[in-house]
Amino acid sequence: LLGPDGRPGGTVFERMSRLAARTGAINLGQGFPDVDGPPQMLEAAVAALRNGGNQYSPVAGTPQLREAVAEHQARFYGIDVDPEHGVLVTVGASEGIAAAMLAFLRPGDEVVVLEPHYDLYGAVAAFVGARLVTVPLEPPRFAPEPDRLAAAFGPRTRMVLLNDPHNPTGTVLDDAALGQVAALAAAHDCVVVTDEVYEHLRYPGPHRPLAAVPGAFERTLTVSSVGKTFSATGWRVGWVSGPRRLVEAVRATKAYLTHSAATPLQLAAAAALGSPDAFYAELTEDFRRRRDVLVAGLAAAGAHPAQPQGTFFVVADVAALCARHGAADATALAPALAEETGVVGVPVSALASAARAGDYGDWMRFSFGKRPEVLEEAVRRLAG
Ligand code: PMP
Ligand code: GLN
């Protein structure tokens, strides 16, 4: 049973979660929160389940959630989207990204992405027969080089798939980089799909969506979801927003993937998006504190973490830990760290292309999207 990337045993996140379950280690591998989201969101889900919100929603999503997404984009970013034609609800950000790729890509098309990158991008490109052209984020700074970004574009470039804030590196694009991506996309007339699932995990905020760069909106599909912002990765509710022409093309594809997302959870997601500004501010502050705990703990353990400016991940150079455990690289370290230290991380090379995996051989990703006491315990274990 091989995945489209030819690797056995499922996604790296599945494999690392299995490793944590088997060894009883603290799972800082797969990124998911270990607490429930806001109580008023949970109550809204219960109310929707009890009050007949249990049949198909429209393919584009419930009007309530489409309105809430449009209001969120206006409130935080000053972006004006049409809730009727410019918002599409999807089964997580995953379906939004996949449907956008399936809608716009044809065999032989090229997609510019940052590397390392979320595994789904490569898998869906393989389904379509499209090719990822990657712009490496090189250790230890993990910032995109303008020359390499420009060099990734060519006559076959059809799409830019931009994950910002960036999983796994925690990198956040500055204004110059966002402007350069927008200019290159315009010059090569391509569609931009942005993966902004970590939009509210940004230190310091606020997040700046590419769609807010002057002139970029008309070619940009912005994707996000409830998973990280509302600690509800299992709900599988996400959305795509942008200009009508692009959103309708994604909708036409999405209709034949899943028809629609879970109706009661869409209604609850609409309630959650309407949370007061204080909720969002506390979320960011809370995750910033957790970041500081894990970054300090990794440094104290002899690893060299790269300070993340966004997401709930930190990548660290774990060469010293590899030496301690007699492991050749972070991939070999993963089982040893689980068994001997009781902590699981994800080797960054698993999120890189075969050609560049070696550049990330010493790097491991750890998630700080966990309760403070869990992080404190992980830090104690790492300290030995
Ligand atoms: N993009 C990135 C960068 C992610 O880390 C994840 C995993 N949370 C997703 C997309 C998938 O999001 P969802 O769970 O909403 O499908
Ligand atoms: N987004 C999560 C991560 O990067 C994993 C989600 C998944 O298991 N596909 O860890």
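Residues numbered from 1 in each chain as written. Chains lettered and ligands numbered in written order. Predicted model: local features only at pLDDT ≥ 70, side-chain atom pairs only at ≥ 80, totals over all residues.

Lining the immediate surroundings of ligand 1 are 13 residues, of which Gly92, Ala93, Ser94, Asn167 and Ser225 lie closest. The element best represented in the shell around ligand 1 is helix H4 (residues 92–104), accounting for three residues. Broken down by class, the residue content of the shell around ligand 1 amounts to three nonpolar, nine polar and one charged. (Near = placed C-beta within 6 Å. Helix = DSSP H or I, 4+ residues; strand = E, 2+ residues; numbered from the N terminus. Nonpolar A, V, L, I, M, F, W, Y, C, P; charged D, E, K, R; others polar.)

Further remarks concern the sheet that holds strand S7 (residues 220–225). Read from one edge of the open sheet, seven strands run S2-S8-S7-S6-S5-S3-S4, paired in mixed fashion. Bordering the open sheet on either side are strand S2 (87–90) and strand S4 (131–136), each of which pairs with just one other strand. Taken over all neighbouring pairs, the strand axes of this sheet differ in orientation by 20° on average, direction set aside. Relative to strand S8 (residues 238–241), S7 runs antiparallel, the two sharing four bridges. Residue pairing in the sheet places Val223 in a bridge with Val240 of S8. Helix H5 (residues 119–128) rests against strand S3 (110–115), S4 and strand S5 (157–163) of the sheet, and its axis sits at about 150° to S4. (Pairing = 2+ DSSP bridges. Axes fitted to C-alpha atoms, helices over the stretch in contact; angles between N-to-C directions. Contact = placed C-beta atoms within 7 Å.)

Turning next to the domain arrangement of the protein. Size of an interface: often given as the accessible area lost when the parts come together. According to the domain assignment, the protein contains domain 1 (12–30 + 278–383) and domain 2 (39–275). Relative placement of domain 1 and domain 2: their C-alpha centres are 25 Å apart. Listed by partner, the interface residues are 28 residues for domain 1 and 27 residues for domain 2. Elements with a contribution of two residues or more to the side of domain 1 that touches domain 2: helix H11 (277–300), strand S10 (313–317) and strand S13 (363–367). (Domains from an automatic or database assignment.)

Attention now goes to the site of ligand 2. Around ligand 2, the structure places Thr11, Phe13, Gln30, Gly31 and Asn167. Residues of the shell around ligand 2, tallied by class, amount to one nonpolar, four polar and no charged.

Here helix H13 (residues 330–341) contains 12 residues, and its C-alpha end-to-end distance of 14 Å is more than 12% below the 16 Å for a straight helix at 1.5 Å per residue. Among all positions in H13, only Ala330, Leu333, Ala334, Leu337, Ala338 and Thr341 are buried. For H13, the angular spread of buried residues about the axis comes to 130°, placing them on one side. Its buried side turned inward, H13 meets helix H1 (12–23), helix H12 (319–325), strand S11 (343–344), strand S12 (346–347), S13 and helix H14 (372–383). Phi turns positive, to about 85°, at Gly342, one or two residues after H13. (Expected span 1.5 Å × (residues − 1). Buried ≥ 20, exposed ≤ 12 C-beta atoms within 10 Å, placed from the backbone. Arc of directions from axis to C-beta.)

All right, on to the UniProt feature "domain: Aminotransferase class I/classII large" (unreviewed entry) in the protein then. The UniProt entry lists residues 25–382 under the feature "domain: Aminotransferase class I/classII large" (unreviewed entry), expressed in the numbering used here. For residues 25–382, helix accounts for 42% and strand for 16%, while the C-alpha atoms at its two ends are 12 Å apart. (UniProt positions renumbered as here; feature names shortened; annotations may be inferred.)

Another aspect to go through is the confidence of the model for the protein. Scored by pLDDT, the protein has a mean of 96; 98% of the residues are at 70 or more. The complex prediction reports pTM at 0.97, with the ipTM value standing at 0.98. (pLDDT = per-residue confidence, 0-100.)

Here the focus is helix H7 (residues 175–187). The terminal C-alpha atoms of H7 lie 18 Å apart, and with 13 residues this matches the ideal 18 Å at 1.5 Å per residue to within 8%. Listed in full, the buried residues belonging to H7 are Ala177, Leu178, Val181, Ala182 and Ala185. Angular distribution of buried residues about the axis of H7 spans 135°; they occupy a single face of the element. With respect to the buried face of H7, the exposed residues turned more than 90 degrees away are Asp175, Ala176 and Ala187. In the core, the buried residues of H7 are packed alongside S5 and strand S6 (191–195). Just downstream of H7 lies Asp189, where phi reads positive at about 50°.

Within S6, five of the five residues are buried, which leaves the element mostly enclosed by the surrounding structure. The alternating pattern of S6 places Val191, Val193 and Asp195 and Val192 and Thr194 on opposite faces, both of which are buried. As a crossover connection, the stretch from S5 through H7 into S6 is right-handed. In this structure, S6 lies alongside S7, joined through four bridges in parallel fashion. In the sheet register, Val193 faces S7, and the bridge partner there is Leu221. (Right-handed = clockwise from strand over helix to strand, strands pointing away.)

Within the fold, Arg251 resides in helix H9 (residues 244–254). In this structure, the C-alpha to C-alpha distance between Arg251 and Leu120, residues 131 residues apart in sequence, is 19 Å. Ignoring anything within four residues of it in the chain, the contact list for Arg251 reads Val59, Ala60 and Leu88.

Turning our attention to the nonpolar core. The biggest cluster of nonpolar side chains holds 120 residues, and the ones touching the most others in it are Ala100 and Ala268. Two domains share this core, each providing at least three of its residues, namely domain 1 (12–30 + 278–383) and domain 2 (39–275). (Core = buried A, V, L, I, M, F, W, Y, C linked by C-beta atoms within 7 Å.)

As a further point, take the packing of H4 against H5. As a packed pair, H4 and H5 sit with axes 10 Å apart at the nearest point and diverge in direction by 35°. In this structure, H4 meets H5 at a crossing whose hand is right-handed. Judged by residue contacts, Ser94, Ile97, Ala98, Met101 and Leu102 of H4 engage Leu120, Val124, Ala125 and Val128 from H5. Looking at the contact of H4 with H5 residue by residue, the class counts come to eight nonpolar, one polar and no charged. (Left-handed = near helix turned anticlockwise from the far one by under 90°.)

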